[in-house]
Amino acid sequence: MPASSDLVPDLLLQGCTKRFVAPGRELVTAVDDLSLEVAAGTFVSIIGSNGAGKSTTLAMVAGNLLADEGHVTVRGRDVTTLPSWRRIALVSRVRQNPQDNMVSNLTIEENFALALAGRRGRFPLRRTSPGKVRAAAQELLEPLGMGLENRLGAVSGSLSGGQRQAIAVAMACLGSPAVMLLDEHVAALDPNSAARVNAATERLVRERKITTLMVTHDMKHALDHADRLLMMHQGRIVVDVSGEQLTGITPRDLQQRFAALSGGSLSDASLLAESSPA
Ligand SMILES: Nc1ncnc2c1ncn2[C@@H]1O[C@H](COP(=O)(O)OP(=O)(O)OP(=O)(O)O)[C@@H](O)[C@H]1O
């Protein structure tokens, strides 16, 4: 008999659809009847062309966008009906632009204090003791291996993009949320920094067994870190491979599938899952 924690997937999307009407444009179905079950602790990479619906999917999981149809549940709780201070304890999100993840003119320590305050429930302005802030920051920054735990007084805006994104991931791990959403979080970094931040990210989320959805346009990053890889196209998941099926798939394979997809049919893409080595 499975343990009770096995009965409820960490993340469950059921028939989620999101449509937009942009001014002067027709109705766009950004996410189209999407269903997905993710087991606890899985690292999922999501790739797909521009406009495939990746960010919209993450925004629905974060509870920032309400699905027109369908439900999103995290550890059995419907995130769309939770107040934001409860949601933040379940789902964390790191965005592409460092400025969106922290306050540039505050120090690292002050940013951690703010992030901790946001997780304190209904009374976010209640003071967290400086000792607790420093301990939490040091515990999360040390594993990054960037020496940032010794620079808590540095103004965030004076740090490199890579350092800021690594700090953003560390802050997003505060309180060990169930789900971490990484929305192209290394896209603005040079290749070396991107690889370092990705490695640090994977270390942090795996140590804490946080279920992770990472959106990326970099096929190599997608394959390097994933337990499971999803490809989205026109609001749907068209490729879903995991475990041993991922072995042997190269970035080139994905790029070829991608190209076929843009000019071809959805059934083309599904061949990837079928033809990938077992
Ligand atoms: N607020 C909005 N208003 C109108 N249309 C929107 C809005 N947000 C997203 N869309 C549209 O929904 C579709 C999916 O967008 P989304 O940002 O989810 O795609 P994406 O896969 O994340 O793309 P990218 O890789 O370019 O970030 C696109 O056609 C986009 O123009």
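Just so we're clear, the structure is a prediction, and the values are computed from it rather than from any experiment.

Parameters and conventions
- Residues numbered from 1 in each chain as written.
- Predicted model: local features only at pLDDT ≥ 70, side-chain atom pairs only at ≥ 80, totals over all residues.
- Pairing = 2+ DSSP bridges.
- Helix = DSSP H or I, 4+ residues; strand = E, 2+ residues; numbered from the N terminus.
- Axes fitted to C-alpha atoms, helices over the stretch in contact; angles between N-to-C directions.
- Buried ≥ 20, exposed ≤ 12 C-beta atoms within 10 Å, placed from the backbone.
- pLDDT = per-residue confidence, 0-100.
- Contact = placed C-beta atoms within 7 Å.
- Near = placed C-beta within 6 Å.
- Nonpolar A, V, L, I, M, F, W, Y, C, P; charged D, E, K, R; others polar.
- Parallel < 35°, antiparallel > 145°, perpendicular 65-115°, else oblique.
- Left-handed = near helix turned anticlockwise from the far one by under 90°.

## Observations regarding the sheet that holds strand β9 (residues 228-233)
Ordered by their spatial adjacency, six strands build an open sheet running β6-β7-β8-β3-β9-β10, and the pairing between neighbours is mixed. Where the open sheet ends on each side, the last strands, each with one partner, are β6 (91-94) and β10 (236-242). For this sheet, the mean angle separating the axes of adjacent strands, direction not counted, is 20°.

## Examining the pairing of strand β3 (residues 43-48)
Burial within β3 is extensive, with six of its six residues counted as buried. Of the two faces of β3, the one lined by F43, S45 and I47 and the one lined by V44, I46 and G48 are each fully buried. With four bridges connecting them, β3 and strand β8 (residues 211-215) associate as parallel partners. Bridge assignment links I46 to a residue of β8, and that residue is V215.

## Focus: the confidence of the model for the protein chain
Of the residues in the protein chain, 88% reach a pLDDT of 70 or more, and the chain-wide mean stands at 86. Within the protein chain, helix α11 (residues 266-275) has the poorest average pLDDT of any element, 43, and β8 the best, 97. Overall, residues 1-5 carries pLDDT values under 50, and its contacts beyond four positions in sequence, including any with other chains, amount to two contacts. Complex prediction metrics read pTM 0.87 and ipTM 0.97.

## Observations regarding the site of the ligand
Neighbouring the ligand are F20, A22, V28, A30, G48, N50, G51, A52, G53, K54, S55 and T56. When residues of the shell around the ligand are traced back to their parent elements, those giving at least two are β2 (27-38) and α2 (54-62). For the shell around the ligand, the element with the highest residue contribution is α2, accounting for three residues. The residue inventory of the shell around the ligand, partitioned by class, reads five nonpolar, six polar and one charged.

## Concerning the packing of helix α7 (residues 161-172) against helix α8 (residues 191-207)
In the contact formed by α7 and α8, the axes pass within 9 Å of each other and the chain directions differ by 15°. Taken together, the axes of α7 and α8 are roughly parallel relative to one another. As α7 packs across α8, the resulting crossing turns out to be right-handed. Contacts between α7 and α8 pair G161, G162, Q165, A166, V169 and A170 from the former with S193, R196, V197, A200, T201 and L204 from the latter. Grouping the amino acids of the contact of α7 with α8 by side-chain chemistry returns six nonpolar, five polar and one charged.

## Looking at the environment of D33
Looking at where D33 falls in the secondary structure, it is placed in strand β2. Assessed through the 13 C-beta atoms surrounding it within 10 Å, D33 is described here as partly exposed. Counting along the chain gives 46 residues from D33 to V79, while the straight-line C-alpha distance between them is 18 Å. Those residues in contact with D33 that sit more than four places away from it in its chain are G15 and T17.

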